[in-house]
Amino acid sequence: MDKAILYIHGKGGNPKEAEYYKALFEEYDVIGFDYSSQLPWEAKKEFPRLFDNLCGTYETVTVIANSIGAFFAMSALADSKIEKAYFISPVVDMERLIRNMMQWANVTEDDLQKQKEIPTSFGETLSWAYLCYVREHPVTWTVPTHILYGEKDNLTSYETIAEFADRIGATLTVMENGEHWFHTKEQMDFLSDWIKQCT
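No experiment lies behind these values; they were computed from the predicted model shown. (Residues numbered from 1 in each chain as written. Predicted model: local features only at pLDDT ≥ 70, side-chain atom pairs only at ≥ 80, totals over all residues. Heavy atoms only, no water.)

## A few points about the side chain of His180
Inference 1: Relative to the helices and strands, His180 is located in the loop between strand E8 (171-175) and helix H7 (185-198).
Inference 2: Given the relative accessible area of 12%, His180 is considered buried.
Inference 3: A polar atom in the side chain of His180 sits 2.7 Å from the side chain of Ser67.
Inference 4: With residues up to four places along the chain from it excluded, the contact list for His180 reads Ser67, Ser89, Lys152, Asp153, Asn154 and Leu155. (Helix = DSSP H or I, 4+ residues; strand = E, 2+ residues; numbered from the N terminus. Buried < 20%, exposed > 50% of the residue type's maximum accessible area, 1.4 Å probe, protein only. Polar contact = N/O pair within 3.5 Å; in protein donor to acceptor, adjacent residues only side chain to side chain. Contact = heavy atoms within 4.5 Å.)

## Brief notes about the environment of Glu27
Inference 1: Assignment of secondary structure puts Glu27 in the loop between strand E1 (3-8) and strand E2 (29-32).
Inference 2: Spatially, the C-alpha atoms of Glu27 and Met1 are 7.4 Å apart, while their sequence positions differ by 26 residues.
Inference 3: The residues touching Glu27, leaving out its near neighbours within four places in the chain, are Met1 and Lys3.

## What about the environment of Ser89?
Inference 1: Secondary-structure assignment places Ser89 in the loop between strand E4 (84-88) and helix H3 (94-104).
Inference 2: We classify Ser89 as buried; its relative accessible area is 0%.
Inference 3: For the pair formed by Ser89 and Lys45, sequence separation is 44 residues and the distance between their alpha carbons is 24 Å.
Inference 4: Not counting the four nearest positions on each side in its chain, Ser89 is found in contact with Ser67, Leu148, Asp153, Glu179, His180 and Phe182.
Inference 5: Within the local environment of Ser89, its side chain forms a polar contact with the backbone oxygen of His180, the two atoms lying 2.6 Å apart.

## Overview of the layout of surface pockets
Inference 1: Counted as a void, the largest pocket has a volume near 1000 Å³.
Inference 2: Within the residue set of the lining of the largest pocket, elements represented by two or more residues are helix H2 (68-76), H3, strand E6 (125-127), helix H5 (128-136) and H7.
Inference 3: Per element, the largest residue contribution to the lining of the largest pocket is 5 residues, and it comes from H3.
Inference 4: Counted by class, the lining of the largest pocket contains 25 nonpolar, 12 polar and 5 charged residues.
Inference 5: Estimates place the volume of the second largest pocket at around 230 Å³.
Inference 6: Val92, Asp93, Met94, Pro138 and Val139 are, among the 14 residues lining the second largest pocket, the residues nearest its centre.
Inference 7: Of all the elements in the fold, those that place two or more residues in the lining of the second largest pocket are H3, H5 and helix H6 (158-168).
Inference 8: At 4 residues, the largest contribution of residues to the lining of the second largest pocket is made by H6.
Inference 9: Of the residues assigned to the lining of the second largest pocket, the class counts are 7 nonpolar, 2 polar and 5 charged. (1 Å grid on protein atoms, 1.4 Å probe; cavity = no way out; pocket = protein on both sides within 12 Å on 5 of 7 lines; lining within 4 Å. Points joined across faces, edges and corners; volume = space filled by probe spheres on them. Nonpolar A, V, L, I, M, F, W, Y, C, P; charged D, E, K, R; others polar.)

In structure tokens, the structure reads:
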């Protein structure tokens, strides 16, 4: 086959999730992106090399990316040869998300600058280096993109996602009562129908 689907999982996910998409893209080789990066500057080094190794021989590559996987893809693969992208619950404004998490944890910028890293009660560690990096490296993404967003996404507001979709010219589909993590049968059926409508 000369066409590939590259699936990039989100936090806590794994490349085996790519199996789900084989039935939706029968004419493609579906590849799970097995990466170890936890930070955008790590992805910047790892992703292009992995992408070239996995997809270098394909005529067309379509990316399906989930949550922070979409953020890493935009941070690290903007210059790669990608024909189209499907983003599921993408993190599209990392600076805003970090600032929101700082509010939830009652952490000020001064606190974070002084302490460099601050663990939170909700399992995330706030990082001054991370905040500085995303401010200094804004995302630029020009790949034709379709976005699926859950109405009850607790990480990204509708205003943020709509503003981003409008800025990059992406289509935006909202699932009523959908969550950040698409995992129930109803949500996955909705996701499958969305992909079929967008292809």
